[in-house]
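Observations on the three-dimensional arrangement
Below, each chain spelled out in residue letters.
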Amino acid sequence: MAIKITDECINCGACEPECPNNAIYEGGVEWAIADGTTVKGSYTLMDGSELDADQRNAPISVDTYYIVPNKCTECQGFHEEPQCAAVCPVDCCVPDEMYQETVDELMAKKAKLHI
């Protein structure tokens, strides 16, 4: 499953540079699928909707750092464990129960993001 950042986030920013998918953004910053990936053109999100990879999207959070579930692979294929959780000083990077994904599904997402 994807990782989420809880309200306990202290906005230290330690997690952002650790993400191999560029799925972590500072609160209030717009996100795009293309950020930090090789995706070009149309991209199908987990809910089946499509968007242009370069399209800027509304921030998921304005107050704290956040993780875009459509880009989070729990670091599968890159590291042994989610790097955001490994470096978080307040343990606010936790599994997101809204996005249940198998390792195979996470690896497929990784392959889609990094062609």
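Conventions adopted
- Residues numbered from 1 in each chain as written.
- Predicted model: local features only at pLDDT ≥ 70, side-chain atom pairs only at ≥ 80, totals over all residues.
- Heavy atoms only, no water.
- Phe/Tyr/Trp six-rings, centres within 6.5 Å; stacked < 30°, edge-to-face > 60°.
- Helix = DSSP H or I, 4+ residues; strand = E, 2+ residues; numbered from the N terminus.
- Buried < 20%, exposed > 50% of the residue type's maximum accessible area, 1.4 Å probe, protein only.
- Lys NZ or Arg CZ within 6 Å of the ring centre and 35° of its normal.

Per an unreviewed UniProt entry, the protein carries the name 4Fe-4S dicluster domain-containing protein and comes from Chitinophaga lutea.

Structural notes on the packing of aromatic side chains
Scanning the entire structure with this criterion turns up 1 aromatic pair. Relative to Y66, the ring of Y25 lies with its centre 5.7 Å away and its plane at 20°, an arrangement referred to as stacked. Of the two residues, Y25 sits in strand β2 (residues 24-25) while Y66 sits in strand β5 (residues 66-67), which places them 41 residues apart along the sequence. Across this residue pair, the class does not change: Y25 and Y66 are buried. Sitting over the ring of F78, K110 keeps its end group 4.9 Å from the ring centre. The lysine or arginine in question, K112, covers the ring of Y43, its NZ or CZ lying 4.4 Å from the ring centre.

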